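Structural features, examined
Below, each chain spelled out in residue letters.
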Amino acid sequence: MSDFLGIHGTALALREQRLQLLASNLANADTPGFQAQDMDFSRALSAALQPGVGAGDPIAQAAQGARYAPASSQPSMDGNTVDGERAKAAFAQASLEYRASLSFVESKVRGMLTAITGQ
C-alpha cells in the first residue's frame, strides 16, 4: 500500500505529527515555563524517506529529529515561549496542508476502488 500512496502517505502522517505539536503549543499558551516546539516538515520528510537502520517507527523518529524551538518574538515573564498569534497562524496553515494531503490520498484511494470495482 505504501508503494501505491508513495510519498503522500508518509507526508500525511508527518503533517499529523506537526499538527499535534502545534496544537500542544496552543493548549499550553498560558502554562508557565512551557517551551513551544515546531517541526521542520521538509527535514522530517527527507529523514522518513531514507532507508532506516534503526528499529522503531521511522515516521515518529523523523518527526522527533526534525523538532525545533521556534524563536520567541516576545519573551514572557513566566518563561512561556508560545506566541499566540503566530501559533494560531501556523496551526491554520498546517491544517490546510494536512487537508490538501488528505484530499490527494482520498483521490488515489477512490481511483483504486474505481479500478477494482469497475464502476
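Remember, it's a predicted structure, so these values are computed and weren't measured experimentally. Throughout this description, residue numbers start from 1 for each chain and increase along the sequence as written. Local features in a predicted model are, by the rule used here, given only for residues with pLDDT of at least 70; side-chain atom pairs are given and counted only at 80 or more, and totals for whole chains, interfaces and linings are based on all residues. Excluded from the side-chain calculation are hydrogens and water; included are all heavy atoms of the structure.

**Examining the packing of helix H2 (residues 7-27) against helix H5 (residues 84-117)**
- Axis lines are fitted to C-alpha atoms, over the contacting stretch for helices. Their N-to-C directions set the angle, which ranges from 0 to 180 degrees. Comment: elements are numbered from the N terminus, with helices defined as DSSP H or I runs of at least four residues and strands as E runs of at least two. The N-to-C vectors of H2 and H5 enclose an angle of 155 degrees; their axes lie 9 Å apart at closest approach. Viewed along their axes, H2 and H5 adopt a mutual orientation that is roughly antiparallel. In terms of crossing hand, the pair formed by H2 and H5 is left-handed.
- Charged means Asp, Glu, Lys or Arg here, nonpolar means Ala, Val, Leu, Ile, Met, Phe, Trp, Tyr, Cys or Pro, and polar covers whatever is left, Gly included. In terms of residue class, the contact of H2 with H5 is made up of 13 nonpolar, 4 polar and 5 charged. To sort the angles, those under 35 degrees are grouped as roughly parallel, those over 145 as roughly antiparallel, those from 65 to 115 as roughly perpendicular, and the leftovers as oblique. Take the far helix as your reference; a near helix turned counterclockwise from it by less than a right angle gives a left-handed crossing, and one turned clockwise gives a right-handed crossing.

**A few points about the environment of Lys108**
- Mapped onto the fold, Lys108 is located in helix H5.
- On the basis of relative accessible area, Lys108 is assigned to the partly exposed category, the value being 28%.
- Measuring from C-alpha to C-alpha, the distance between Lys108 and His8 comes to 9.8 Å, with 100 residues separating the pair along the chain.
- In what follows, residue pairs with any heavy atoms lying within 4.5 Å of each other are defined as contacts. Ignoring any residue separated from it by four or fewer positions in sequence, one finds Lys108 in contact with Phe4 and Leu5. Accessible area is worked out with a 1.4 Å probe on protein chains only. A residue is then buried under 20% of its type maximum, exposed over 50%, and partly exposed in between.

**A closer look at the layout of surface pockets**
- Roughly 190 Å³ of internal volume is contained in the largest pocket.
- Cavities and pockets were defined on a 1 Å grid built over protein atoms only: a cavity is a set of grid points that admits a 1.4 Å probe from which the probe cannot escape, a pocket is an open set flanked by protein on both sides within 12 Å along at least five of seven lines, and lining residues are those with an atom within 4 Å of any such point. Lining of the largest pocket is provided by 16 residues; of these, Pro70, Ala71, Asp83, Arg86 and Ala87 occupy positions nearest its centre.
- For the lining of the largest pocket, the secondary-structure elements that each account for two or more residues are H2 and H5. Grid points are joined across faces, edges and corners, and a volume is the space filled by probe spheres set on the points.

**Quick look at the UniProt feature "domain: Flagellar basal body rod protein N-terminal" (unreviewed entry) in the protein chain**
- UniProt positions are given in the numbering used here, feature names are shortened, and annotations may be inferred rather than shown by experiment. With numbering aligned to this structure, UniProt lists the feature "domain: Flagellar basal body rod protein N-terminal" (unreviewed entry) at residues 7-35.
- For residues 7-35, the end-to-end C-alpha separation is 31 Å, with 72% helix and 0% strand making up the annotated structure.

**A few points about a nonpolar patch on the surface**
- Only residues whose relative accessible area exceeds 30% and that take part in no salt bridge are eligible for patches, with like-charged residues grouped when within 9 Å of each other and nonpolar side chains (Val, Leu, Ile, Met, Phe, Trp, Tyr) grouped when within 5 Å. Only the protein chains shown count as cover for residues, and the accessible areas themselves come from Shrake-Rupley with a 1.4 Å probe. The term salt bridge refers to a side-chain nitrogen of Lys or Arg lying within 4 Å of a carboxyl oxygen of Asp or Glu. The grouping of Met112, Leu113 and Ile116 at the surface amounts to a nonpolar patch, some 300 Å² of accessible area in total.
- Tracing the backbone through its elements, the reader meets Leu113 in helix H5.
- With a relative accessible area of 49%, Leu113 lands in the partly exposed category.

**Things to note about the environment of Ala69**
- Inspection of the secondary structure assignment puts Ala69 in the loop between strand S2 (67-68) and H5.
- By relative accessible area, which is 61% here, Ala69 ends up exposed.
- In sequence terms Ala69 and Met39 are 30 residues apart; their C-alpha atoms lie 8.5 Å from each other.

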